[in-house]
Amino acid sequence: VVDAMTGAEQDFRFWLCLYPLVVMLRLFKSFSAQPRLAVVTNTFKHAWDDLLHFAIVFLSVYFCMTVNAVLFFGQDSLDFATIDRALHTTFRAFLGDLNWDDMRQIGLIRAF
């Protein structure tokens, strides 16, 4: 019973996370009615191919950097011990939130 409830809650949380995306897409759809706001949707329509290629390249590089972080720092830091933790920590590092003190304890050459 508890497993079923836990699974149902996880499914509910998943669909709850998708709802803001659906609302955002509907908002972009309504932009087409206003000519000035339609510039945004038309830009996305014309740039869709380039954005897709950028996403493929960016995600490939991001995942390779994450795997490298697990290989380099996974033994010494809990933040990089698993792929999912490393994905989160690498994303935070891209945003500028990297814990340099922990990296210095591992070693300056490996951390730089």
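Residues numbered from 1 in each chain as written. Predicted model: local features only at pLDDT ≥ 70, side-chain atom pairs only at ≥ 80, totals over all residues. Heavy atoms only, no water.

Student: Describe the confidence of the model for the chain, with residues and values.
Tutor: When the pLDDT values of the chain are averaged, the result is 87; 95% of them are 70 or greater. Put simply, helix α5 (residues 108-111) is where the chain has its lowest mean pLDDT, 57, and helix α2 (residues 35-73) is where it has its highest, 92. (pLDDT = per-residue confidence, 0-100. Helix = DSSP H or I, 4+ residues; strand = E, 2+ residues; numbered from the N terminus.)

Student: Tell me about the environment of V67, residues and numbers included.
Tutor: Considering the arrangement of structural elements, one finds V67 in helix α2. Classification of V67 as partly exposed rests on a relative accessible area of 28%. In this structure, the C-alpha to C-alpha distance between V67 and L87, residues 20 residues apart in sequence, is 8.6 Å. (Buried < 20%, exposed > 50% of the residue type's maximum accessible area, 1.4 Å probe, protein only.)

Student: Lay out the packing of α2 against helix α3 (residues 83-94) in plain terms, naming residues and giving numbers.
Tutor: Remark: α2 packs on α3, axes separated minimally by 9 Å, with the N-to-C direction vectors making an angle of 115°. You can see that α2 and α3 cross each other, and the crossing is right-handed. Between α2 and α3, the residues in contact are F58, Y62, F63, T66, V67, A69 and V70 and I83, A86, L87, T90, F91 and F94, respectively. Of the residues that constitute the contact of α2 with α3, the class distribution is 11 nonpolar, 2 polar and no charged. (Axes fitted to C-alpha atoms, helices over the stretch in contact; angles between N-to-C directions. Left-handed = near helix turned anticlockwise from the far one by under 90°. Contact = heavy atoms within 4.5 Å. Nonpolar A, V, L, I, M, F, W, Y, C, P; charged D, E, K, R; others polar.)

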